[in-house]
Amino acid sequence: MRFIFFSLFFLLLIQFTTAQKKPLDHSVYDAWQSIGEKAISNDGNWVVYTIEPQEGDNELVIQSVLPGNTFKQTIPRGYRPMISEDSRYLIFKIKPFFKETRDAKIKKKLTADMPKDSMGIVELGKDSIWKSDRVMVYKTPEKGYGWVAYLQEKNIKTAKNKTSDSEAGKRIDSLSRVIDSLREIIAIKNSRTNDEAADLDFRIRNYKKDIMELGGSFADADEGDSSKTQTGAVADLRLRNLETGGEKLFKNVTEFQFSKNGRKILIEQGFDPKDSKTRPTVLLFDMQSQFADTLSRGGNEFKNFAMSVDGTQVAYVAERDAKPKDLQKYFKVMYFREGMDSAIVLADRHSVGMTLGMTISEFDSLEFSKSGKRLFFGVSPVQAPKDTSLVDIDLVKLDIWHYNDDYLQTVQLNRLQKDLKQSFLTVYDLENDKLEQLGSEEIPTIIKTKEGDGDIFAGITDYGQRIESQWVGSTKKDIYAIRVKDGTKKLIKKGLLGSMNSTYISPTGKYLMWYDSKEKDYFIYDGEVTNNITAKLDVPLFDEDYDSPGLPSPYGVMGWSEGDSSVYIYDRYDIWKVDPARLAQPRLMLSWKNNRKNKMAFRYIRHNKEENFLVYDQQLLFRTFNEKTKATNYSIASFNDHSNAQETLSPFYEEPYNHSRIIKAKDSNVFVYTKESFKESPDLFVNRGLKEKTKTRDGFIYTYDVTRLSNLNQQQKDFNWGTAELFKWKTFKGKNAEGILYKPEDFDSGKAYPLILYFYEKLSDSLYKYNPPSPTPSRLNISFFVSRGYLVFTPDIAYTIGHPAQSAFDYVVSAAKALARNKWVDEKNIGIQGQSWGGIQVAQLITMTDMFKAAWAGAPVANMTSAYGGIRWESGSNRQFQYEKTQSRIGATLWEKPELYIENSPLFHLPKVKTPLVIMANDADGAVPWYQGIELFTGLRRLGKKVWMLNYNGEAHNLVQRKNRKDIQMRQQQYFDWLLKGEKPARWIIHGVPAVKKGKDWGLEIVD
């Protein structure tokens, strides 16, 4: 009796404690954290990662993962960490305080006066930090260690008092040089992350804005500016010895690059505005001898630097002859080899082998083959000079659309800068002193083989076959085998509908492979004939769940064996070992796992970016996905090319979670990854290897040496969170279906909850994904609504071609009805929400049923007949292809099946609508033109229906600006709370917000 009493007491205590938890509100977003960047030392002993708040100052964490070593160091605002090759030092950047930067933006400070990044260096295991301010970028050698080079921005001081005309002129000149310098930095290929390039581009735009504010003007290079004759320079390069702390200074540097082995560094010094005698100079500095070779001195521009693997050869393009008023510039390829006095001109537009009318491209990168015997660069047509006799006021601004154009004018204008910079691959044989142009307008894409040293390259072209991309979305491709020695080309596949990329080509270049989407097989060209190498496989090698009108894509290629003896090809679950010579039968790599039966998909994780093929006894890392449980995992196997992967396959965990973002130490089997579920925030874990393998009746249990490194978002325990589970039902047509049902943490089966269905094709694979409470781009914030007492359900939808609206009805409405059979669902208070493709289906469903009490559609198409011929402004592409071949799933032209376009267009069925609807349609949406939202809004308004439309000015298809994301989350809550919970509405819902109050009154207050 006492036991029963205490059991009931503790049960009531737990329920009481849960009931005390707070619901999430809009104030919690900024502090919710996530793992950002991460790195692991080559020896596997140190892990570095950033902890990122949604808004505010981040932290950089340095942590030892050696057993018994508890060292942990936190550095405020650190980011972009890089651990030296010898695993001894950490180099990183440090952001200014978030508030400091925000305040400077509020005060509209000039870019030069904005807070700047710093750089820090730490010897791992020690507390002291060396710092340097105003650091623009830093680099370390890829294969060497002991040095770091960093570019330090000069301190440009601005006058505190009103700037005089003279001072403004000097300032404009200075800012122009800043822009030139930043452009040079962006031009460094393969040495910038996308984020770095974006940051620098952002700074350029702001410097240009500063010039305009000072009364100056600025002409972009691509706008025909020819006044720039000197390479601007505003930064100093400091070469720092990590061991001694000694530094060597190079002034006015615009570009720099380490050799791969770290023994040399290539430096470009620009013109010093304070010293008229200086000239742009290219130096090659030897780290050991501390001696700098001068490769070039004097000229207008040097760019696109490349070095051979061993650092003994250097190449770059240069323009040295143009006068300030010249309207055309011609670049040359400069070349230096160890032992030369200085760089020589290797190639220019007059070189033997250059096609008439072509010149060296200033935009394409240069690259040596792995052996260093070949140099690759780009050539492009000589552009006609700008006609300076034409006066802008007299110019006709006109676009002419022609039916024979490869692309629509909108696409052409979207591609304009890319097309103006287009170049064609050219090779210089350094051993035989011979130039050969491999690419051309007719064959613009070339895939190199054997890391540039192959005898045969692949050429891919859709030349003459591009018009149909308007309605197909893709183009047919012709494949050529190109003999590098003399540039001869052999057509090996005509009109391919399929795919070919560098992973499809064997490491030695012996085999060129592609996937044919029509034949649904892989084909190989062996230098003489083409053969189907997968014809004997009786499983699909393409997306089995593809339910659009077009051709499904293949699952892809895992890789090749050493010596090109085998290629490993994915199906949905397995990996097939296929003999490219067709002498052996295809066989499963993991045959004992019964992956198809168990619905377990395996995918190889290539953690060595220099890996070109699989070798004997190699440790393989696989990411697994269980389609039944929706759990992801990692497994390790030892590779043997004769017996495939040995039966040592061992999962990291047995329990269901989502594991992702794995990295491996270069020199040891130590792995770092994140682990999460809907209940548990993604945290960082380190796996140092197998501790124990226990045999059981059902197989083996593997125990690993796993340590948890982070423990984020402890504040979650104070809030009513939720649970996620699979819910299965049968559709109206009797098909098995599933989705994710999210319930509040304090769920009470005796209580009836309002329900919101959110959908976008198939979402059930994300069962174990964490949903932080964050303002979303306009999707439903699931954890937020669940915390506040809603049930949320995300049903998977499978489509029938030609009837996407009916398919959505079959799955979504049947799911709502299946859930409503449960007493804990308030069937009178069910809402629906969707964005983009989900948005149009929300609009469709409210014309087909009145069971939903509230609806919210983000960026919906209202009228397929008007949208069909429209433009996706982000790309300039016509929308026809998506209706005929892809997501909209009509599968026919408007003229062939107009009835299907009308059937699936909510606009034609609006009189049936009884559900209130909020539409988000933004005027800068590049995917769905916002006039589609206008058609939907005006139609419903004309019919006297309850409808609202939110237009976030200047915003995209999915909201980008955080302030707008926060705003829409508040409005979504207010709207659904009003209709599904019976709470008082906000003023924008009842009265709207007149244009005269725009920017002054947002209508978010609750109406009594």
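Everything below is about the structure printed above this text.
Analysis parameters
- Residues numbered from 1 in each chain as written.
- Predicted model: local features only at pLDDT ≥ 70, side-chain atom pairs only at ≥ 80, totals over all residues.
- Heavy atoms only, no water.
- 1 Å grid on protein atoms, 1.4 Å probe; cavity = no way out; pocket = protein on both sides within 12 Å on 5 of 7 lines; lining within 4 Å.
- Points joined across faces, edges and corners; volume = space filled by probe spheres on them.
- Nonpolar A, V, L, I, M, F, W, Y, C, P; charged D, E, K, R; others polar.
- Buried < 20%, exposed > 50% of the residue type's maximum accessible area, 1.4 Å probe, protein only.
- Helix = DSSP H or I, 4+ residues; strand = E, 2+ residues; numbered from the N terminus.
- Pairing = 2+ DSSP bridges.
- Axes fitted to C-alpha atoms, helices over the stretch in contact; angles between N-to-C directions.
- Salt bridge = Lys/Arg side-chain N within 4 Å of Asp/Glu carboxyl O.
- Patch = residues over 30% accessible without salt bridge, like charges linked within 9 Å, V, L, I, M, F, W, Y side chains within 5 Å.
- Areas by Shrake-Rupley, 256 points an atom, 1.4 Å probe, with all protein chains shown as cover.
- Core = buried A, V, L, I, M, F, W, Y, C linked by side-chain atoms within 4.5 Å.
- Contact = heavy atoms within 4.5 Å.
- Parallel < 35°, antiparallel > 145°, perpendicular 65-115°, else oblique.

*Asks:* Just to check I follow, could you spell out empty space enclosed by the protein for this structure?
*Replies:* Rolled over the atoms, a probe with the dimensions of a water molecule shows which regions are left empty. In the structure shown here, the tally under the stated rule is two cavities of 30 Å³ or more. Roughly 40 Å³ of internal volume is contained in the largest cavity. As for the largest cavity, its lining consists of Lys733, Lys735, Ala798, Thr800, Gln806, Ser807, Asp810 and Tyr811. Partitioning the lining of the largest cavity into residue classes produces two nonpolar, three polar and three charged. Considering only enclosed or pocket space, the second largest cavity measures out at about 30 Å³ in volume. Taken together, Ser84, Glu85, Thr140, Pro141, Gly144, Tyr145, Gly146, Trp147 and Leu242 make up the lining of the second largest cavity. Looking at the lining of the second largest cavity, its residues break down into four nonpolar, four polar and one charged.

*Asks:* Please clarify how the pairing of strand β17 (residues 301-307) should be interpreted in this entry.
*Replies:* The side chains of a regular strand alternate, residue by residue, between the two faces of the sheet. Among the seven residues in β17, seven count as buried, and that is most of the element. Where β17 meets strand β18 (residues 313-319), five bridges bridge the pair, whose relative direction is antiparallel. Directly across from lysine 303, in β18, lies its bridge partner valine 317. Turn length for the β17-β18 hairpin, with the two strands adjacent in sequence and antiparallel, is five residues, and the turn residue glycine 311 shows positive phi of about 80 degrees.

*Asks:* Would you explain the sheet that holds strand β4 (residues 72-76) in this entry?
*Replies:* Strands in a sheet are paired, the pairing made by backbone hydrogen bonds, and the direction either parallel or antiparallel. Strand order in this open sheet of four strands is β1-β2-β3-β4, and the pairing throughout is antiparallel. Edge positions in the sheet fall to β1 (33-40) and β4, since each of these pairs with one other strand and no more. On average, adjacent strands in this sheet sit at an angle of 20 degrees to one another, irrespective of strand direction. Two elements, β1 and strand β2 (residues 46-53), share six bridges in a ladder whose sense is antiparallel. Within β2, the residue paired with glutamine 33 across the bridge is proline 53.

*Asks:* Help me understand the pattern of salt bridges, please; the structure alone is not making it clear to me.
*Replies:* Should the charged atoms of two oppositely charged side chains come close, the side chains can pair. This structure, assessed with the given rule, holds 47 salt bridges. With a shortest N-O distance of 2.9 Å, aspartate 406 and arginine 466 are connected by a salt bridge. Of this pair, aspartate 406 sits in the loop between β23 (374-381) and α5 (409-414) while arginine 466 sits in the loop between β27 (456-461) and α7 (469-472), placing them 60 residues apart in sequence. For arginine 596, the salt bridge is made with glutamate 544, and the minimal N-O distance between the two is 3.0 Å. With arginine 596 in helix α8 (residues 595-598) and glutamate 544 in the loop between β33 (530-532) and β34 (557-560), this pair connects stretches of sequence that are 52 residues apart.

*Asks:* Where do I start with a nonpolar patch on the surface in this structure?
*Replies:* Together, Val396, Leu398 and Ile400 make up an exposed nonpolar region whose accessible area comes to about 350 Å². Structurally, the position occupied by isoleucine 400 is in the loop between β23 and α5.

*Asks:* Can you walk me through unusual backbone geometry in this structure?
*Replies:* Glycine aside, residues mostly have negative phi angles, and peptide bonds mostly take the trans form. Its identity is not glycine, yet lysine 450 carries a phi of approximately 50 degrees, on the positive side. Looking at the element boundaries, lysine 450 is found in the loop between β26 (445-447) and β27. Given the relative accessible area of 45%, lysine 450 is considered partly exposed. Of note, the phi angle at asparagine 713 is positive, near 55 degrees, even though the residue is not glycine.

*Asks:* Any chance you could explain the pairing of strand β45 (residues 683-696) here in plain terms?
*Replies:* Judged from the five bridges that link them, strand β44 (residues 671-676) and β45 form a sheet pairing that is antiparallel. Its bridge partner lying in β45, phenylalanine 671 is registered against asparagine 687. The loop that links β44 with its antiparallel partner β45 comprises six residues.

*Asks:* How should I be thinking about the nonpolar core in this particular structure?
*Replies:* Nonpolar side chains in soluble globular proteins tend to be buried together. With 55 residues, the main nonpolar core has Leu757, Phe793, Ile832, Phe852 and Leu917 as its most contacted residues. Residue contributions to this core peak at ten residues, all from helix α10 (residues 804-820). If near-sequence neighbours (up to four positions away) are discounted, leucine 917 is found in contact with Val842, Ile846, Ala855, Trp856, Ala857, Leu936, Leu940, Lys946, Val947, Trp948 and Tyr975.

*Asks:* Which parts of the structure should I look at to understand the sheet that holds β34?
*Replies:* Spatially, β34-β35-β36-β37 is the arrangement adopted by the four strands of the open sheet, whose pairing is antiparallel. The sheet is open, and its two borders are formed by β34 and β37 (587-588), each paired with just one other strand. Of the pairings in the sheet, the one linking strand β36 (residues 575-578) to β37 comprises two bridges and is antiparallel in character. Across the sheet, lysine 577 pairs through a bridge with arginine 587, a residue of β37.

*Asks:* Please explain the packing of α10 against helix α11 (residues 837-845) as it appears in this structure.
*Replies:* Two measures define how a pair of helices packs: the angle their axes make with one another and the distance between the axes. The geometry of α10 relative to α11 is characterised by a closest axis approach of 10 Å and an angle of 80 degrees between their N-to-C directions. Classed by the angle they form, the pair α10 and α11 counts as roughly perpendicular. Listed contacts from α11 to Pro804, Ala805, Ala808, Phe809, Val812 and Val813 of α10 are Trp837, Gln841, Gln844 and Leu845.

*Asks:* Hey, could you run me through the environment of alanine 458 in this one?
*Replies:* Inspection of the secondary structure assignment puts alanine 458 in strand β27. Using a relative accessible area of 0% as the deciding quantity, one classes alanine 458 as buried. Taking C-alpha positions, alanine 458 is 5.9 Å from isoleucine 482, a pair spaced 24 residues apart along the chain. Excluding anything up to four places from it in sequence, alanine 458 contacts Thr445, Ile446, Ile447, Tyr480, Ile482, Met500, Ile505 and Leu512.

*Asks:* How should the environment of lysine 251 be read in this particular structure?
*Replies:* Tracing the sequence through the fold places lysine 251 in the loop between β12 (247-250) and β13 (253-258). The class of lysine 251 is partly exposed, set by a relative accessible area of 46%. The spacing of lysine 251 and glutamine 152 is 99 residues in sequence and 9.8 Å in space, taken between C-alpha atoms.

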